[in-house]
Amino acid sequence: MHNKTLAQLSHALHAKEISSVELTQHFLNRISRFDEQLNSFITVTPERALEQARAADQRLQSGTAGFLTGIPLAQKDIFCTLGVKTSCGSKMLDNFISPYNATTVEKLDAAGMVMLGKTNMDEFAMGSSNETSFYGAVKNPWDLKAVPGGSSGGSAAAVAARLAPVATGTDTGGSIRQPAALCGITGIKPTYGRVSRYGMIAFASSLDQGGPMTRNAEDAAYLLKEMAGFDLRDSTSVDSPVPDYVASLNDSLEGLRIGLPKEFFSKDLNSEMAQTLETAIKELEKLGAIVKEVSLPNSHLAIPVYYVVAPAECSSNLSRFDGVRFGYRCENPKDLSDLYKRSRGEGFGSEVKRRIMIGTYALSAGYYDAYYLKAQQIRRLISEDYKKAFEEVDIIAAPTSPTPAFNLGEKTDDPVTMYLSDIYTIAVNLAGIPALSMPAGFINQRPVGLQLMGNYFSEAKLLNVAHRFQKETDWHLQTPNGF
Ligand code: GLN
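Here the residue index of a chain counts from 1 through its sequence in written order. Given that this is a predicted model, residues contribute local features only at a pLDDT of at least 70 and side-chain atom pairs are listed and counted only at 80 or more, while totals for whole chains, interfaces and linings are drawn from all residues. Water and hydrogen atoms were dropped before computing side-chain values, which therefore reflect all heavy atoms in the structure.

Time to look at the site of the ligand. Proximity is defined per residue: any heavy atom of the residue falling within 4 Å of a molecule or strand makes that residue near it. The immediate surroundings of the ligand are formed by 15 residues, with Thr172, Gly173, Ser175, Tyr306 and Asp422 found nearest. Distance and chemistry together define a polar contact, namely a pair of N or O atoms within 3.5 Å, with one atom able to donate a hydrogen and the other to accept it when in protein, and with adjacent residues in sequence counting only for side-chain atoms on both sides. Ser128 places a polar side-chain atom, nitrogen or oxygen, 2.8 Å from a nitrogen atom of the ligand. Partitioning the shell around the ligand into residue classes produces five nonpolar, seven polar and three charged. Only Asp, Glu, Lys and Arg are considered charged in this grouping, and only Ala, Val, Leu, Ile, Met, Phe, Trp, Tyr, Cys and Pro are considered nonpolar; every other residue, Gly among them, is considered polar.

Following this line, the structure appears as structure tokens:
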């Protein structure tokens, strides 16, 4: 059961081969059996899940069920979930029971999906390895010594180990794609504004975007169809119709122009990685795609720009955690200032504090023009690079991550090395375009992801390319040993 796709699960439920309660129990059992090793969930919600499963079974009986009704999923613990602890991976919100649902939760609930629980993540989504979580690191199911990537590492590990059929993630600088790559699954970061950010705890509001983390592109198409759409409660959500991502999955790739940015496939990319990706790209050529070189001349500036813009926005977003309104409050404060200082000092972990300090500095009078404004100007140049490239090609292929999963503890002492894990993913968020990562091979038994980037609102094209690739390859069907 746990190796079935969403379409197969939906068929089994509608044909009454299995009930949603049985299916849900099956995944809950897998979580109890395996998650001690992985630590991919912060909270498991068996009672809520079984209640939703019973309701789904009723809908299936009465003929009012939709395609996803009765299928379990895991939600990243960044999505506010009514009545359920929503921690964002932080001690600051360890005691926070959300009084409302994020739009994504509301939509997937309404579709009749069954939430198994909330997945582990880097604290406030800041990290590339899941090691900044207050709840401890997540382990990569392919090798328990390795990181799963971050910040949506819990969702990636849970889907890879078949503890949930699909999961949600969020991506501010790579947090859906990089863990998807490191855990051998498929993940798509939609165009900025495609999926509502309402109730998705904000890290950097101009970059954050939620999206599906699944085993294959077809599942991602089904899940994204349900997650996407305009939301009055998110003023940055885009009011344009959601295409049927499933309908175009099998479109021909004949004549599709794929750009390979020369800056990404340079001598800096390690040779095993380059070889693995070249083989994958050849597969796309066999399907009719035409490959040509493109240039993204400002891509080397993406990391420095991101590490001004994202901390600046986070320093403002995280000011709401003051010990008064949400979450953690220190013991016996002397006065108001002591309350603020100690609540924040004790509630936030060191990576979050580092970002808040960088952001506050970059926004302060006298430095604003030199850092923040400059970063915004370069951000525009980065978007222009993509705009130009998409005049010549339909999609861009790139590595998702410079290496396969690295070992736990390997980069924790060196933030800059850690930040470089996102060197190929971050520019996409700065430009606001969509991109996905799909399994494309292995190096030393650790998965490698190929990233596909597209122009604004080209999610259907990206999913189409990934689906056609997955019909010819079986990287996405491999399962980690022991799960
Ligand atoms: N790894 C990047 C960071 O630490 C991106 C995280 C994300 O996409 N949420 O900020």
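With that settled, consider the pattern of salt bridges. Salt bridge, as used here: a side-chain nitrogen of Lys or Arg that lies within 4 Å of a carboxyl oxygen of Asp or Glu. On inspection of all chains with the given rule, the structure shows 18 salt bridges. For Arg233, the salt bridge goes to Glu106, with nearest N and O atoms at 3.2 Å. In this pair, Arg233 sits in the loop between α7 (217–227) and β7 (257–261) while Glu106 sits in helix α4 (residues 103–110), placing the two residues 127 residues apart along the sequence. Where Glu283 meets Lys286, a salt bridge forms, and the shortest distance between an N and an O atom there is 3.5 Å. Note that Glu283 and Lys286 are positioned in helix α8 (residues 271–286) at a spacing of three residues, about one turn of the helix. Think of it in three bands: residues with accessible area under 20% of the maximum for their type are buried, residues over 50% are exposed, and the middle band is partly exposed, with areas taken using a 1.4 Å probe on protein chains only. For Glu283, a relative accessible area of 17% translates into the label buried. What you see here is one network of salt bridges that share partners, running through Glu106, Asp231 and Arg233. Note on conventions: DSSP H or I runs of at least 4 residues are helices, E runs of at least 2 residues are strands, and numbering of each starts at the N terminus.

Before going further, it helps to examine the nonpolar core. We define the nonpolar core as a collection of buried residues of types Ala, Val, Leu, Ile, Met, Phe, Trp, Tyr and Cys that are connected through side-chain atoms lying within 4.5 Å of one another. Ranked by size, the top nonpolar core spans 140 residues in total, and within it Phe124, Tyr386, Leu450 and Leu463 carry the most contacts. Considering each element in turn, this core owes the most residues, 10 residues, to helix α9 (residues 302–317). With seven residues, the next largest nonpolar core counts Ala146, Ala405, Phe406 and Met418 among its residues.

Here, disulfide denotes a covalent bond that connects the sulfur atoms of two cysteines. Whenever a pair of cysteine sulfur atoms sits within 2.5 Å, that pair is classed as a disulfide. Tallied over the entire structure, the rule returns zero disulfides. Left unpaired, Cys80 is separated from the closest cysteine sulfur, that of Cys88, by 8.3 Å. Not part of a disulfide, Cys314 finds its nearest cysteine sulfur in Cys88, a span of 11 Å.

Next up on the list: the packing of aromatic side chains. Between rings of Phe, Tyr and Trp, where Trp is taken as its six-membered ring, a pair exists when centres lie within 6.5 Å; planes separated by under 30 degrees are stacked, by over 60 edge-to-face, and by other angles tilted. Counted according to the given criterion, the structure contains 19 aromatic pairs. Consider the rings of Phe34 and Phe483, whose centres lie 5.3 Å apart with planes at 55°: the pair is tilted. Of the two residues, Phe34 sits in helix α2 (residues 20–38) while Phe483 sits in the segment after α15 (459–472), which places them 449 residues apart along the sequence. For the pair Phe34 and Phe483, one class covers both residues: buried. The structure contains a cluster of three or more aromatic residues connected by ring pairs, namely Phe96, Phe124, Phe321, Phe326 and Phe348. Residue placement shows Lys91 over the ring face of Tyr328; its charged tip is 4.9 Å from the ring centre. The criterion for a charge sitting over a ring is simple: Lys NZ or Arg CZ within 6 Å of the ring centre, and within 35 degrees of the ring normal.

Relative to the assigned elements, Leu381 resides in helix α12 (residues 368–392). Owing to a relative accessible area of 42%, Leu381 belongs among the partly exposed residues under this scheme. Counting along the chain gives 80 residues from Leu381 to Leu301, while the straight-line C-alpha distance between them is 9.7 Å.

The residue Lys189 is located in strand β5 (residues 186–189) in this model. Charge assignment: positive for Lys and Arg, negative for Asp and Glu; neither His nor the chain ends contribute. One buried charged side chain, Lys189, makes no salt bridge at all; its nearest oppositely charged neighbour is Asp171, positioned 6.1 Å away.

Moving on, we come to the environment of Leu462. For Leu462, the location among the structural elements is in helix α15. Under the relative-accessibility criterion, Leu462 is labelled buried at 0%. Linking Leu462 and Ala302, residues 160 residues apart in sequence, is a C-alpha distance of 22 Å. Sequence-distant contacts of Leu462, defined by excluding residues within four places in its chain, comprise Ile395, Pro434, Ala435, Leu436, Leu452, Met453 and Gly454. Whether two residues touch is decided by their heavy atoms; if any such pair falls within 4.5 Å, the residues are in contact.

Counting buried positions along helix α5 (residues 153–160) yields eight of eight residues, so the element is predominantly enclosed. Buried residues of α5: Gly153, Gly154, Ser155, Ala156, Ala157, Ala158, Val159 and Ala160, and no others.

Residues of β5 alternate between two faces, with Thr186 and Ile188 on one and Gly187 and Lys189 on the opposite face, all of them buried. Pairing of β5 with strand β10 (residues 435–443) involves three bridges; the strand directions are antiparallel. Residue Lys189 lies in a different strand from β10, and its bridge partner there is Ala435. At least two DSSP bridges between two strands are required for those strands to pair.

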